[in-house]
Amino acid sequence: MNRLSTPAAATPFTTPWGTFDLTRYPEDPRERLRAWDAADEYLLRHLAGKADSAQGGATELTGRTVVVLGDRWGALTTALAPHAPVQISDSHLGRQATLANLARAGAAPGAARLLTTRDTPPGRIDVLLVRVPKSLALLEDQLHRLAPAVHPGTVVVGTGMVTEIHTSTLQLFERILGPTRTSLAVRKARLVFCTPDPALDPGPNPWPHSYALPGDIGPAAGRTVVNHAGTFCAERLDIGTRFFLGHLPAAAPGARVVDLGCGNGVVGTAAALASPGAELVFVDESHQAVASAEATFRTNLGPDAPAAFLTADALATEAVPPGSVDLVLNNPPFHSHQATTDATAWRMFTGARRALRPGGELWVVGNRHLGYHVKLRRLFGNCRLVAGNPKFVVLRAVKR
């Protein structure tokens, strides 16, 4: 594959399969975070037999079913495109980055098969490459889902930065797939080697989890929340959302309300319970989160309540038409994998303004120190403090 025109934000990624210009998604010329790291480099060098860890030489990939789990921005999938890998990802943004990076690298259409964590995985896996996720729960769930396709000859290699691989990480591989060991660290990255044991019985997949909400949070009090693996605060209600639930606005019958960055859907479900007749739209970039939101909403409001569940980048135009929404509820994240950034919040705010009708409102909860009021005033021309405590604020901005 050849290097084509390079976006300003692209960073060259040199691998045994060539050099690729990769970007995150959406592309931003100001973006300083790379679309790959030393863990991706280490794994590819190992597969090519060019790392000290590859004592047996290169790993045979030709003619074998290669599955790449958790590839963050498509670096591994793009480099391995000549071997027709199957990528499994929870991230809509990661999928879009992969498509863009494959196209930029000159890969043929369909060079890689892109699946989500909710799709049925391949029936047989010969090489399983795992980019260790931040969420141990997501790793547990996905290893359970992939284990039936792994056979005694499957090559299983994980990769991550040393700060991402813990004893608990190795224990998951060992409990679900088989004996596990790690490599030496190289440039603060480490590999995980697992030998599948066909006699191993890991037991049932424990996901999804459910729990009952507290009794003092308004209309959603005591209701059931359903969490698929990898959703934020899957074991309990986080304190920011709890504060938000005490200050949600009422929506008029027929109003279109968006739970933006919905996670497990508890905010949108609470809004639906408080505002009968409102139409809810749940949006998140995580497939696991959207599945959780749908399960939570349907558990509490039944199969016929009006709602839509979208996996998308913030409120992109292709997901929600401009000027079609009355109220947006938002608890924005301020991390992207291990990096702290306000880029996601800014995209959410700009997307909300585009999607709102004149007079429509964006309500945001966030840590007080993040200063979201400054961004909202710059974007909307107004911002009012609805409620606050020493840690959180609830802000309201109106589209004029």
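In this text, all values refer to a predicted model and were calculated from it rather than measured experimentally.

> Would you mind going over helix α3 (residues 92-104) with me for this structure?
Along an α-helix, residues three or four positions apart point the same way, because every turn accommodates 3.6 residues. Here α3 is 13 residues long and its end C-alpha atoms lie 18 Å apart, about the 18 Å a rise of 1.5 Å per residue gives. Along α3, the positions that sit buried rather than exposed are H92, L93, G94, A97, T98, N101, L102 and R104. Between a side-chain oxygen at the N-terminus of α3 and the backbone nitrogen of L93 the separation is 3.3 Å; the capping residue is S91. Remark: G106 follows α3 within two positions and exhibits a positive phi of approximately 80 degrees.

> Help me understand the pattern of salt bridges in this model?
A side chain of one charge can pair with a side chain of the opposite charge if their charged atoms are brought near each other. Tallying each qualifying case throughout the model produces 13 salt bridges. With its nearest N and O atoms 2.9 Å apart, the salt bridge here joins R124 to D126. Where E140 meets R175, a salt bridge forms, and the shortest distance between an N and an O atom there is 2.9 Å. Taken as a pair, E140 in helix α4 (residues 136-146) and R175 in helix α5 (residues 167-176) lie far apart in primary sequence, 35 residues in all.

> Explain the pairing of strand β18 (residues 356-367) here, please?
The side chains of a regular strand alternate, first on one face of the sheet and then on the other. Counting buried positions over the twelve residues of β18 gives nine, a clear majority of the element. In this structure, β18 lies alongside strand β20 (residues 392-398), joined through seven bridges in antiparallel fashion. When the bridges of β20 are listed, V364 appears paired with L395.

> Before we go on, may I ask you to explain helix α9 (residues 343-355) in this structure?
In a regular helix each residue adds 1.5 Å, so 13 residues correspond to 18 Å; α9 covers 18 Å between its end C-alpha atoms and thus fits that length. Listed as buried for α9 are T344, A345, R347, M348, F349, G351, A352 and A355. In this fold, the buried residues of α9 make contact with α3, β12 (256-260), β15 (325-330), β18 and α10 (372-380).

> Would you mind showing me how to read the layout of surface pockets here?
The probe, sized like a water molecule, is rolled over the atoms to show the empty space still left. Here the second largest pocket defines a volume of roughly 540 Å³. In terms of residue class, the lining of the second largest pocket is built from 15 nonpolar, ten polar and six charged.

> Can you help me understand the sheet that holds strand β9 (residues 189-194) in this one?
In a beta sheet, neighbouring strands are held together by backbone hydrogen bonds and run either parallel or antiparallel to one another. Sheet architecture is open: seven strands sit in the order β5-β4-β3-β6-β7-β9-β8, paired in mixed fashion. With one partner strand each, in any of the chains shown, β5 (113-116) and β8 (180-182) form the two edges of the open sheet. With strand direction ignored, the average angle separating the axes of adjacent strands in the sheet is 20 degrees. As judged from the six bridges shared by strand β7 (residues 150-161) and β9, these two strands associate in the antiparallel manner. Looking across to β9, one finds that V157 is bridged to F193. The strands touched by α3 within the sheet are β4 (86-89) and β5, with β5 carrying the most contacts at an inclination of about 175 degrees.

> Please explain the nonpolar core as it appears in this structure.
In a soluble, globular protein the nonpolar side chains are often hidden away together inside. Counting 34 residues, the largest nonpolar core has L213, V257, L280 and L329 as its most contacted members. Among the secondary structure elements, those contributing two or more residues to this core are α6 (239-245), α7 (266-274), β13 (279-284), α8 (287-301), β15, β18 and β20. Considering each element in turn, this core owes the most residues, six residues, to α7. The residues contacting V257, other than those within four sequence positions of it, are A251, A278, E279, L280, V281, L327 and L329. Grouped together as the second largest cluster of nonpolar side chains are 30 residues, L43, L44, V68 and L76 included.

> Mind showing me how you'd approach the sheet that holds β13 here?
Taking strand neighbours across the sheet as the criterion, the seven strands line up as β14-β13-β12-β15-β18-β20-β19 in an open arrangement whose pairing is mixed. Each edge of the open sheet carries a strand with a single partner, namely β14 (307-311) and β19 (384-388). Shown here is a sheet whose adjacent strand axes are inclined to one another by a mean of 15 degrees, direction ignored. Against the sheet, α8 contacts β13 and β14, and its axis sits at roughly 170 degrees relative to β14.

> Which parts of the structure should I look at to understand the confidence of the model for the chain?
Predicted coordinates in regions of low pLDDT should not be interpreted in detail. Here the chain averages 93 in pLDDT, and 96% of its residues register 70 or above. Note that residues 335-340 has pLDDT below 50 and, in this model, 14 contacts with residues that lie over four places away or in other chains.

> What is the right way to look at the packing of α9 against α10 in this model?
Think of two packed helices as two axes; the pair is described by the angle between the axes and how far apart they sit. At a minimum axis distance of 11 Å, the contact between α9 and α10 shows a crossing angle of 35 degrees. In the crossing of α9 with α10, the sense of the turn from one axis to the other is right-handed. Counting all contacts with α9, which are made through A345, W346, F349, T350 and R353, the residues of α10 involved are Y372, K375, L376, R378, L379 and F380.

What counts and how
- Residues numbered from 1 in each chain as written.
- Predicted model: local features only at pLDDT ≥ 70, side-chain atom pairs only at ≥ 80, totals over all residues.
- Heavy atoms only, no water.
- Helix = DSSP H or I, 4+ residues; strand = E, 2+ residues; numbered from the N terminus.
- Expected span 1.5 Å × (residues − 1).
- Buried < 20%, exposed > 50% of the residue type's maximum accessible area, 1.4 Å probe, protein only.
- Polar contact = N/O pair within 3.5 Å; in protein donor to acceptor, adjacent residues only side chain to side chain.
- Salt bridge = Lys/Arg side-chain N within 4 Å of Asp/Glu carboxyl O.
- Pairing = 2+ DSSP bridges.
- Contact = heavy atoms within 4.5 Å.
- 1 Å grid on protein atoms, 1.4 Å probe; cavity = no way out; pocket = protein on both sides within 12 Å on 5 of 7 lines; lining within 4 Å.
- Points joined across faces, edges and corners; volume = space filled by probe spheres on them.
- Nonpolar A, V, L, I, M, F, W, Y, C, P; charged D, E, K, R; others polar.
- Axes fitted to C-alpha atoms, helices over the stretch in contact; angles between N-to-C directions.
- Core = buried A, V, L, I, M, F, W, Y, C linked by side-chain atoms within 4.5 Å.
- pLDDT = per-residue confidence, 0-100.
- Left-handed = near helix turned anticlockwise from the far one by under 90°.

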